[in-house]
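Summary of the model geometry
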Amino acid sequence: MAESFQHPLQCMQFVKKKNGDSRNVLVASAGAKLFSYAAGSGQRLSVWPQDGVDNPNADSARSNPEIEGPPEKKRKVDPSSEQKTGVESTKKPAAWTNIPIVTSTSNGEYLVALTGEDKCVRVFQIEEDGSFVQLSERQMPKRPCAITFMENNNILAGDKFGDVYSMPLIPSAEPRAVSKTRNQIGSMRIAATNLTVHTQRNLKSLEMQLERQNNANLKKTESDKPIFDHDLLLGHVSLLTDVAFVSLPSPDPSSTNKRSYILSADRDEHIRVSRGPPQAHVIENYCLGHKSFISKLCIPQWAPEFLISGGGDPHLMVWNWAAGELLHTVPLAEESPEGKEVAVRGIWPASLGSEAQRFIFVSLEGSPTLQTFTLEANGSITPQEPIKTSGNILDVQVTEDTNTVLVSIDCIREAGSTQEWRSSPVLPASLLEAFRLKQGSGSKLEWESISDAVINAINDAGTSSVSLSADGDQKQKTALNDSLYTLANLRKKFGEDNDER
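According to its UniProt record, the chain has this under Subcellular location (unreviewed entry): "Nucleus". On record in UniProt, under Pathway (unreviewed entry), the comment for the chain is "tRNA modification; N(7)-methylguanine-tRNA biosynthesis."

Printed below as a string of structure tokens:
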């Protein structure tokens, strides 16, 4: 029997346990599943959703108040009772194929994940044994492309159609009230008919009124369904790519209050700085200078006055974002064929070493090289020795207490390619690789690969098998490639509108 490929770990997140100990659980998404691992040993603790469970929410005692349906559809079925009656469980596939976003609150109490095709924002608690307890699921009108948290732990979500929403971490059990204005519009009665209108102009006006009423009635029908609490804060005309939330001390020295801001980036090279709620409609300034799409915004927690941005340009930009001022531009070094376009997949800040050296890690789409920079007090960034891995870099997590950089690797595709698959799977799968600063490396910081029991245990356990037809259908492979590597779609084609909107 031929061995199959394993889904790579697309997203990773360290989560604190309830007892307050940090870095106790590593949560990662692979394919349509979430996995939790003990950070100290690498032992797999739990998988969500579990195999054979038709409804992923059935094993949660605290079910989602927004899930509608008859009680029998939400009732958990005892597998042992099915075996006794001889009825086999009909396993239904998940309504999604990947989980592109996984993040957690700063205290580690809650985990938020986005399931792909069904556009659901799901909130979990991680139990002491590492198991997942889903608290809610909310299907967004459009698929979010970025999720972060505000100071009160409210969720801030931006979708690719340009809208940024806020919503409570734990939704209310009561559906949101439908606005009175919408009901009134839907109940308007038009007295005129085509028999009482005698001019072409009035007939055209009547047709427009009837069309408006039909649209309002459709909206009214949709609004009769339960609506979870969410607020539209701001919007871009262009396709939105990333969102960040940050607070700065008030410019008034006598005030202890902080001012909050929402930073949002889009495909049209704009970075917008807006005030935080309830004044999110007020634009403070723009950070303009990119010539191609922006895919990632990074504001280090230990240096919130700086913004590092990257996207389709062959360089990073460092901003004093509060003033809209460009401070530095640093080329992205990439050993690739001449003319190959780059796209920034991720930017991660970290403070490492005995002297708390400030690092910025950058990965490019379809690249096995993790580029490293040091961030200076004046905002300048200095390139350091890059980290070389065995496959394309998907995600990065840093354990500052052990000065270790944990890198998720694409174990399916050839290093440096987003489309070409390896001829055969490598077993055990190289899901994770770890690196540490070399001791006494001098002025040029260098990295060394480490292999310990934690990494080996996670790689040995694997994830879930990639389902391919017997002949390895190319369409299946292309679909899997496109779900994991999406940044090429952001680059504008020749002749496409590049004007600011």
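Read on, since the account is not over.
When you go through the chain residue by residue, the secondary structure sums to 6 helices and 29 strands. Counting every position in the chain, which comprises 501 residues, the buried fraction comes to 47%. Across the chain, the fraction of contacts at a sequence separation of at least 24, relative to all contacts at a separation of at least 6, is 54%. Accessible surface, the chain: about 25,500 Å² in total, of which carbon and sulfur atoms supply 48%.

On to the confidence of the model for the chain, then. Per-residue confidence for the chain gives a mean pLDDT of 82, with 77% of residues at or over 70. Every residue in residues 220-226 scores below 50 in pLDDT, and together they form 6 contacts with partners more than four places removed in sequence or on other chains.

Of all residues except glycine, most have a negative phi; of all peptide bonds, most are trans. In this model, Pro 277 is joined to Pro 278 through a cis peptide bond whose omega is 5°. Note that Pro 278 resides in the loop between strand S15 (270-275) and strand S16 (283-288). With omega at -5°, the peptide bond leading from Leu 427 into Pro 428 counts as cis. Relative to the helices and strands, Pro 428 resides in the loop between strand S27 (404-409) and strand S28 (432-437). Although it is not a glycine, Asn 153 adopts a positive phi angle of roughly 70°. Following the sequence through the fold, Asn 153 ends up in the loop between strand S9 (144-149) and strand S10 (155-159). Although it is not a glycine, Asn 403 adopts a positive phi angle of roughly 55°. Within the element layout of this structure, Asn 403 appears in the loop between strand S26 (393-399) and S27.

On the surface, Ile 283, Tyr 286 and Leu 288 cluster together to form a nonpolar patch covering roughly 250 Å² of accessible area. Within the secondary structure layout, Ile 283 lies in strand S16.

Now for the pairing of strand S11 (residues 163-167). Within S11, 4 of the 5 residues are buried, which leaves it mostly tucked inside the rest of the structure. Joining the antiparallel neighbours S10 and S11 is a turn of 3 residues, in which Gly 162 adopts a positive phi near 105°. Two strands pair when backbone bridges link them, and S11 and strand S12 (residues 231-235) are joined in this way by 4 bridges, in the antiparallel orientation. For Ser 166, the partnering residue across the bridge sits in S12 and is Asp 231.

Glancing now at the nonpolar core. Ranked by size, the top nonpolar core spans 22 residues in total, and within it Leu 9, Leu 26, Leu 406, Leu 432 and Ile 458 carry the most contacts. Mapped onto this core, the elements with two or more residues apiece are strand S1 (11-15), strand S2 (25-30), strand S3 (33-38), S28 and helix H5 (453-461). Leaving out residues up to four positions away in the same chain, Leu 406 has contacts with Met 12, Phe 14, Leu 26, Asp 395, Val 396, Gln 397, Leu 432, Glu 433, Ala 434 and Ile 455.

Reading the values: rules and limits
Residues numbered from 1 in each chain as written. Predicted model: local features only at pLDDT ≥ 70, side-chain atom pairs only at ≥ 80, totals over all residues. Heavy atoms only, no water. UniProt positions renumbered as here; feature names shortened; annotations may be inferred. Helix = DSSP H or I, 4+ residues; strand = E, 2+ residues; numbered from the N terminus. Buried < 20%, exposed > 50% of the residue type's maximum accessible area, 1.4 Å probe, protein only. Contact = heavy atoms within 4.5 Å. Areas by Shrake-Rupley, 256 points an atom, 1.4 Å probe, with all protein chains shown as cover. pLDDT = per-residue confidence, 0-100. Patch = residues over 30% accessible without salt bridge, like charges linked within 9 Å, V, L, I, M, F, W, Y side chains within 5 Å. Salt bridge = Lys/Arg side-chain N within 4 Å of Asp/Glu carboxyl O. Pairing = 2+ DSSP bridges. Core = buried A, V, L, I, M, F, W, Y, C linked by side-chain atoms within 4.5 Å.

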